[in-house]
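# A structural walkthrough
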Amino acid sequence: MQHRFSKYIDLIVFIVDVLLLNLSFVIAYKSSLGSLDGLLDIPYVNILFFTNLTWLVLSFLGKPFRISRISKLSEILRTIIRFIVVQLFSVSAVLVLINPLVYSREQLVTTYIIFPLFILLWRAIFIYSIRIYRKFGYNYRSVVIVGYGDIAEELKKFFRYHPEFGFKFLGFFDNDAKKSIAKGKVDDIINFASLHRIDEIYCCLPYVKYSSIQKIISFGEKNFIKVKLIADFRGFQNKGVEIESYDNIPVLNVTSFPLEAQKNRVVKRVFDVVFSSVIILAIFSWLFPLIGIAIMLDSRGPIFFKQRRTGKSNNDFWCWKFRTMYQNKKADVQQATQNDDRITRVGSFLRKTSLDELPQFFNAFIGNMSVVGPRPHMLHHTKEYSKKVERFMARHFVKPGITGLAQAKGYRGETPDVSLMKNRVKFDRFYIENWSLILDMKIIFLTIITLIKGDEKAY
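Residues numbered from 1 in each chain as written. Predicted model: local features only at pLDDT ≥ 70, side-chain atom pairs only at ≥ 80, totals over all residues. Heavy atoms only, no water.

The number of helices and strands found in the chain is 14 helices and 11 strands. Principal-axis analysis of the C-alpha atoms gives the chain an extent of 90 × 65 × 35 Å. By residue count, 45% of the 459 residues in the chain fall in the buried class. Surface exposure of the chain reaches about 25,200 Å², of which carbon and sulfur atoms provide 61%. Of the side chains in the chain, 64 bear a positive and 39 a negative charge, and the two mean positions are spaced by 1 Å. (Helix = DSSP H or I, 4+ residues; strand = E, 2+ residues; numbered from the N terminus. Buried < 20%, exposed > 50% of the residue type's maximum accessible area, 1.4 Å probe, protein only. Areas by Shrake-Rupley, 256 points an atom, 1.4 Å probe, with all protein chains shown as cover. Lys, Arg positive; Asp, Glu negative; His and termini not counted. Charge placed at Lys NZ, Arg CZ, Asp CG, Glu CD.)

Shown next as structure tokens:
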């Protein structure tokens, strides 16, 4: 038995995920309300329907049920947590928009305590079980390597040292390798495949001629054999290598980053919209009038302050804040300093508590900012620091954020020394190259902790 049931794995995982989601909802209802009476009432039927709908949409967009043979368990579990968080915020936003008093908050919270536990436990048990099954020689894929060299030897070791992934290595094929190493020449692979069941052929570049690779690919297509090309990129430190297509020309992008992937951009955008909506409806809606009145009583001028700042791809946008300074001509060129006489009394409080940044949730909602990302700079400072700090402009590969990793780590406010900006840019680049929804959640948590403790640089 090789892999006759492999094509059903994604479907099995998807179905069990949906069943666990609904089971968690029912258990949470029983735990919170004491019985199942009322579970089929319209309000709870509606929210259960929306809960399933959001999970189906997210599953369609990101396919969290898809499990590769070589996927790390930690990566699989992080993906699941990311999708659950996005779904939780989506459901919470809907409950805020409609009448939240109709539903039990305890039931919702309990659902999203039980569901992650169920699904993570199910994933871990399933993955370990199927890997043990493969380790004993079942559900394997027969593979051969065409082209012999250093990278080919490393690939062979991977297959041999990781039987839990279910690869059965049958041998090398190479025109120049010794007979003791290779089973035959490159052209012999076709005859060999006729006598043995082969599932995957790995062609190692540059040990195989282009004409030979074309023949192997054509043969693979006719015989339902996957053909994969292996190039040695071990010397590159970048985390991702992505293939782009320029008409019929494949191009390897060795500077790709997570937010270039469509599914990651969708996840981050959904999170931004949901999180911003919750903040706008739950906090800004009642706090705005109070802050607005305080600003008007404290000094002359508008309630809001808007400024052109550098956004994604070096495109500028209007960044909104509550006004914290007396109106002045230096606002677009000079950073706020400690004991700055331009700052009003109310403005000082707003800046220390970061409440002046609240209007930027509207920027995040409409899409020219994100909740988390590199902080946007004034156009004047972008021009200045792009000449002083190496790779400064690389921070504009993604949308700017209301908070960021650099700010969560203490690099916020004034930058009188260029070294401070260099450190800020290092954190920004790390964030761009290592983005995940979990990292966004950590940054938000660290930002909240900093706000509670107070930040001496907040002035």
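Between helix 8 (residues 262-298) and helix 14 (residues 437-453), the shortest axis-to-axis distance is 11 Å and the interhelical angle comes to 30°. For the pair formed by helix 8 and helix 14, the contact residues are Val267, Lys268, Phe271 and Phe275 on the first element and Leu437, Asp440, Met441 and Ile444 on the second. Looking at the contact of helix 8 with helix 14 residue by residue, the classes come out as six nonpolar, no polar and two charged. (Axes fitted to C-alpha atoms, helices over the stretch in contact; angles between N-to-C directions. Contact = heavy atoms within 4.5 Å. Nonpolar A, V, L, I, M, F, W, Y, C, P; charged D, E, K, R; others polar.)

Overall, the coordinates contain 14 salt bridges when judged by the stated rule. Across the salt bridge formed by Arg123 and Asp17, the nearest N and O atoms sit 2.6 Å from each other. In this pair, Arg123 sits in helix 4 (residues 105-135) while Asp17 sits in helix 1 (residues 9-33), placing the two residues 106 residues apart along the sequence. Here Arg123 and Asp17 have matching classes, each one buried. (Salt bridge = Lys/Arg side-chain N within 4 Å of Asp/Glu carboxyl O.)

Quick look at helix 5 (residues 150-161) now. The end-to-end C-alpha distance of helix 5, which contains 12 residues, comes to 17 Å, matching closely the 16 Å that a straight helix rising 1.5 Å per residue would cover. Turning to helix 5, the residues buried within the fold contact strand 1 (141-146), strand 2 (167-173), strand 4 (200-204) and strand 5 (226-230). (Expected span 1.5 Å × (residues − 1).)

So, about the sheet that holds strand 1. Two modes of strand pairing occur in sheets, parallel and antiparallel, and in both the strands are linked by backbone hydrogen bonds. Reading across the sheet, the five strands line up as 3-2-1-4-5 and stay open at both edges, with parallel pairing between neighbours. The sheet terminates laterally at strand 3 (182-184) and strand 5, the two strands that pair on one side only. Strand-to-strand twist across the sheet, computed as the mean angle between neighbouring axes with direction ignored, equals 35°. Where strand 1 lies against strand 4, four bridges are found, and the strand directions are parallel. Looking at the pairing, Val144 lines up with Ile201 of strand 4. Strands strand 1, strand 2, strand 4 and strand 5 of the sheet are contacted by helix 5, whose axis makes an angle of about 155° with strand 2. Against the sheet, helix 7 (residues 210-222) engages strand 1, strand 4 and strand 5, with an angle of about 150° to strand 5. (Pairing = 2+ DSSP bridges.)

Taken together, the side chains of Tyr8, Leu11, Ile12, Ile15 and Leu19 make up a nonpolar region of the molecular surface, amounting to roughly 480 Å² of accessible area. For Leu11, the location among the structural elements is in helix 1. (Patch = residues over 30% accessible without salt bridge, like charges linked within 9 Å, V, L, I, M, F, W, Y side chains within 5 Å.)

To continue, consider the pairing of strand 5. Judged from the five bridges that link them, strand 4 and strand 5 form a sheet pairing that is parallel. Considered in strand 5, the bridge of Tyr202 is made with Lys228. Taking the sense of rotation as the criterion, the β-α-β connection linking strand 4, helix 7 and strand 5 turns out right-handed. (Right-handed = clockwise from strand over helix to strand, strands pointing away.)

In this structure, Thr324 sits in the loop between strand 9 (316-322) and helix 9 (345-353). There is a polar contact of 2.8 Å between the side chain of Thr324 and the side chain of Arg351. (Polar contact = N/O pair within 3.5 Å; in protein donor to acceptor, adjacent residues only side chain to side chain.)

For the pair helix 1 and helix 4, the least separation of the axes is 8 Å and the interaxial angle reads 150°. On the basis of their axis angle, the class for helix 1 and helix 4 is roughly antiparallel. The crossing of helix 1 and helix 4 is right-handed. (Parallel < 35°, antiparallel > 145°, perpendicular 65-115°, else oblique. Left-handed = near helix turned anticlockwise from the far one by under 90°.)

This part is about unusual backbone geometry. In this structure, Pro206 follows Leu205 across a cis peptide bond, with omega equal to 10°. In this structure, Pro206 sits in the loop between strand 4 and helix 7. In this structure, Ser313 is a non-glycine residue whose phi angle is positive, near 60°. One can find Ser313 in the loop between strand 8 (304-310) and strand 9. At Asn314, a position not held by glycine, the phi torsion is positive, near 65°. The topology assignment puts Asn314 in the loop between strand 8 and strand 9. The class of Asn314 is partly exposed, set by a relative accessible area of 44%.

It is worth spelling out the pairing of strand 1 at this point. Of all six residues in strand 1, six are buried; the element is thus mostly enclosed. Alternating positions in strand 1 separate into two faces, Arg141, Val143 and Ile145 on one and Ser142, Val144 and Val146 on the other, with burial throughout. When strand 1 meets strand 2, the two strands line up parallel, connected through five bridges. Bridge assignment links Val143 to a residue of strand 2, and that residue is Phe169. Considered for its hand, the β-α-β crossover made up of strand 1, helix 5 and strand 2 is right-handed.

Attention now moves to the packing of aromatic side chains. Enumeration according to the criterion identifies 25 aromatic pairs in this entry. Relative to Phe288, the ring of Phe284 lies with its centre 5.4 Å away and its plane at 10°, an arrangement referred to as stacked. Taken together, the residues Phe284 and Phe288, both in helix 8 and four residues apart, mark about one turn of the helix. You can call Phe284 buried: its relative accessible area is 7%. For the pair Phe288 and Phe322, a centre-to-centre distance of 6.3 Å together with 15° between the ring planes defines the contact as stacked. With Phe288 in helix 8 and Phe322 in strand 9, this pair connects stretches of sequence that are 34 residues apart. Phe288 gets classed as partly exposed once you look at its relative accessible area, which sits at 28%. Residue class for Phe322 comes out buried when judged on its relative accessible area of 1%. The side chain of Arg69 reaches across the aromatic face of Phe167, ending 6.0 Å from its centre. Directly above the aromatic system of Trp318 lies the positively charged group of Arg308, at a separation of 4.6 Å from the ring centroid. (Phe/Tyr/Trp six-rings, centres within 6.5 Å; stacked < 30°, edge-to-face > 60°. Lys NZ or Arg CZ within 6 Å of the ring centre and 35° of its normal.)

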